[in-house]
Amino acid sequence: MAAGGRGVADPLSPAGVPCAFSPLNQAYFALASADGQLRVWETANNRLHQEYVPSAHLSGTCTCLAWAPARLQAKESPQRKKRKSEAIGPSNQIDLLALGTAVGSILLYSTVKGELHSKLISGGHDNKVNCIQWHQDNGCLYSCSDDKHIVEWNTQTCKVKCKWKGDNSSVSSLCISPDGKMLLSAGRTIKLWVLETKEIYRHFTGHATPVSSLVFTTVRPPSESQPFDGVTGLYFLSGAVHDRLLNVWQVRSGNKEKNAVMSFTVTDEPVYIDLTLSENKEEPVKLAVVCKDGQVHLFEHILNGYCKKPLTSNCTIQIVTPGKGKKSTPKPIPILAAGFCSDKMSLLLVYGNWFQPTIERVALSSKEPHMCLVRDISNCWAPKVETAITKVRTPVMNSEAKVLVPGVPGHHAAIKPPPSQTEEVESKRKLGENEISIEERLGALDIDTKKEKDDLPQTNSFPVLLTQGLESNDFEMLNKVLQTRNLNLIKRTVLRMPLHAVIPLLQELTKRLQGHPNSAVLMVQWLKCVLTVHASYLSTLPDLVPQLGTLYQLMESRVKTFQKLSHLHGKLILLITQVTASEKSKGMTCPEQKAKLVYEEESSEEESDDEIEKDSDDNWDEDEEDKESEKDEDVDEEEEEEEEDAEEKDEENGEDRDVASEKELNGDSDLDPENESEEE
């Protein structure tokens, strides 16, 4: 059984990738990789059988998977085979593979058709599916999730048959009893449910962390004196996250006993568990546990009651790479899964990496406590680099053959280039001259090396140069590759480079990012391309955090100042826009208007005096006219008054005065122009 799921952010999520062997003779091995793709491998010849990419493989990553049980095949009838148009029933579910996703949906994939059969969504889970279990008799499906619920599905109608709350926290693992009437569920505590009534039959203490695996270890109870009800007296096994102890529990008739009866100790958190069921009290249980550190621990023990001390493994299997030299140390190869074969004397090991695993059958020997298998899988891991294949062959020439010089027939032959220094040296050798100095030979060698150095690397040689430069720490070779500015060339190089060079390249980019800002601009392009192209590979590395810790700290320190710089950038833009706006307003020309006053300086003083006199004369004339008009008004008023007086007096005196007044008036009016002329 595989550990239920996977999560990067949650520290309490189970380790490992969802994987499982097919129930029928373990002919296939299904593995849901970190990039959301499902791959089915043939165990006999280690060949990829099928590959399926769900539509939402990035958002809804596969968290668990389970094959349909092999017992359903025995119920297949010839009438069922003929009715192809009928809905798929339990008899045809042998090829189905159930996939639980991170968004709560469950996919049923048909390995025979190579396509998605159905999808279980409505009324199901609202959160990540942690475990899936098939019922061996009725073809129902049971699933648990982080939403605290357990769901019973009808796979024929793709609808929820029953849904109930399994725990106060998330339910992480499930297991169905051998008789199919009980269901084990576990969060941190373990509960045994009666499937008919959905009531709790027993409580068990459980683990301090979420339980990642549950499996029954016995089919019959050890003591046959009491009548067997299908579950009482049976043993089951549980493993938890970050727990190096596998606990064994016994379902007893008394409800008081809640603790484990024995435990198996391993070196790290269990990732994959497989066992051979014990069918009688004398047959021991064989247990294979794959740990997070990549080792397999084998146990063989007869379950016969309480055991105080934890049991250690009888045999440990480890796979390493061969050392390339005397001083080099072999590196361990992680084991992903292990399953017992039908003979119970051999083991199927799946090791390597999830995108290209190696499947091997290993015979077990009870004498050796530790097995270290040396395997070279470097060819399997590194993808092949495409090399240019030349189809040009140089013909074998005899001395009698004539070589035609290129050119137009009937014209002169092509001009031969002057012989180089190396040709002169060779000609001297042919002539038998022994006067070739060492200096000439060294000069010829220098010319060859200069030509080689001047040649620029071709596009198809960039991945090879990059890999060689990282292995040999050649600064010049790395500069030739890393200082390119062509984005397409960078992408092609990153795509073609081998996967084992990704981490050294990231470390080299981290060093260069700490240098000059001009070089950091180029290194950011390389870093972006590496992280986007090889993100799925990097997510599978267990020790990625310590390896890329310096890069993460460097990016954090650079990002911290980004907000302040953006504020400063915004303020500078405001200032620049205000300055430009003010300059534009100052530099704007006013529309054309006629001048109200124009002052011009004259060179001669006389002209200025004449103009001043003319201006003064004009002014005086205007003033005199104003005065005359005022005097005329006064004279009219005086005439009216004198006429009134003349009526009262005698007519004679009036006539004389009239004459006199007229004379006065005439005298006044005549005096004005005379006075004006005198004043002028």
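The protein goes by WD repeat-containing protein 43 in an unreviewed UniProt entry, where it is assigned to Acinonyx jubatus. Database annotation for the protein, UniProt heading Sequence similarities (unreviewed entry): "Belongs to the UTP5 family."

Trainee: How should I be thinking about the packing of helix H7 (residues 487–496) against helix H9 (residues 517–533) in this particular structure?
Mentor: For any two helices packed against each other, one specifies the crossing angle of their axes together with the interaxial distance. Contact pair H7 / H9: the axes reach a minimum separation of 10 Å and the direction vectors enclose 45°. On the basis of their axis angle, the class for H7 and H9 is oblique. Relative to H9, H7 is oriented so that their crossing is right-handed. Each of Leu487, Ile490, Lys491, Thr493, Val494 and Leu495 in H7 lies in contact with H9, whose residues at this interface are Gln525, Trp526, Cys529, Val530 and Val533. Residue composition of the contact of H7 with H9, by class: 8 nonpolar, 2 polar and 1 charged.

Trainee: Any chance you could explain unusual backbone geometry here in plain terms?
Mentor: Most peptide bonds take the trans form, and the phi angle of most residues other than glycine is negative. In the Ramachandran plot, asparagine 46 falls in the positive-phi region, its phi being about 55° despite a non-glycine side chain. Summarising the element assignment, asparagine 46 is placed in the loop between strand S3 (38–42) and strand S4 (47–52). Asparagine 46 gets classed as partly exposed once you look at its relative accessible area, which sits at 25%. Phi at asparagine 473 takes a positive value of approximately 55°, unusual for a residue other than glycine. Tracing the sequence through the fold places asparagine 473 in the loop between helix H5 (462–472) and helix H6 (475–482). A relative accessible area of 62% places asparagine 473 in the exposed class.

Trainee: Please clarify how the UniProt feature "repeat: WD" (unreviewed entry) in the protein should be interpreted in this entry.
Mentor: What UniProt calls "repeat: WD" (unreviewed entry) maps, in this numbering, to residues 122–157. In the segment residues 122–157, helix accounts for 0% and strand for 47%; the C-alpha atoms at its two ends are 11 Å apart.

Trainee: Help me understand the side chain of threonine 467 in this model?
Mentor: For threonine 467, the position within the fold is in helix H5. Judged by its relative accessible area of 12%, threonine 467 falls in the buried class. Engagement of the side chain of threonine 467 in a polar contact is seen with the backbone oxygen of proline 463, the distance being 2.7 Å. The contact partners of threonine 467, leaving out residues within four places of it in the chain, are Pro498 and His500.

Trainee: Help me understand the nonpolar core, please; the structure alone is not making it clear to me.
Mentor: Across soluble globular proteins, nonpolar side chains show a tendency to be buried alongside one another. Counting residues in each nonpolar core, the largest one holds 33 residues, and the members touching the most others are Leu466, Leu482, Val502, Leu505, Leu506 and Trp526. For this core, the elements supplying multiple residues, two or more each, are H5, H6, H7, helix H8 (502–513), H9, helix H10 (535–539) and helix H12 (549–587). When residues of this core are assigned to their parent elements, the largest contribution, 7 residues, is made by H9. Sequence-distant contacts of leucine 506, that is, excluding residues within four places in its chain, are made with Leu527, Val530, Leu531, Leu538 and Leu548. Ranked by size, the runner-up nonpolar core spans 32 residues in total, among them Phe29, Leu348, Trp354 and Met371.

Trainee: Help me understand the sheet that holds strand S27 (residues 346–353) in this model?
Mentor: Strand pairs in the sheet, formed through backbone hydrogen bonds, run parallel or antiparallel to each other. An order of S26-S27-S28 is seen for the 3 strands of this open sheet, with the pairing classed as antiparallel. Looking at which strands have only one partner, the edges of the open sheet turn out to be strand S26 (335–340) and strand S28 (356–363). When the angles between neighbouring strand axes are averaged without regard to direction, this sheet yields 20°. As paired elements, S26 and S27 share 5 bridges and run antiparallel to each other. Its bridge partner lying in S27, glycine 339 is registered against leucine 348.

Rules behind the numbers
Residues numbered from 1 in each chain as written. Predicted model: local features only at pLDDT ≥ 70, side-chain atom pairs only at ≥ 80, totals over all residues. Heavy atoms only, no water. UniProt positions renumbered as here; feature names shortened; annotations may be inferred. Axes fitted to C-alpha atoms, helices over the stretch in contact; angles between N-to-C directions. Helix = DSSP H or I, 4+ residues; strand = E, 2+ residues; numbered from the N terminus. Parallel < 35°, antiparallel > 145°, perpendicular 65-115°, else oblique. Left-handed = near helix turned anticlockwise from the far one by under 90°. Contact = heavy atoms within 4.5 Å. Nonpolar A, V, L, I, M, F, W, Y, C, P; charged D, E, K, R; others polar. Buried < 20%, exposed > 50% of the residue type's maximum accessible area, 1.4 Å probe, protein only. Polar contact = N/O pair within 3.5 Å; in protein donor to acceptor, adjacent residues only side chain to side chain. Core = buried A, V, L, I, M, F, W, Y, C linked by side-chain atoms within 4.5 Å. Pairing = 2+ DSSP bridges.

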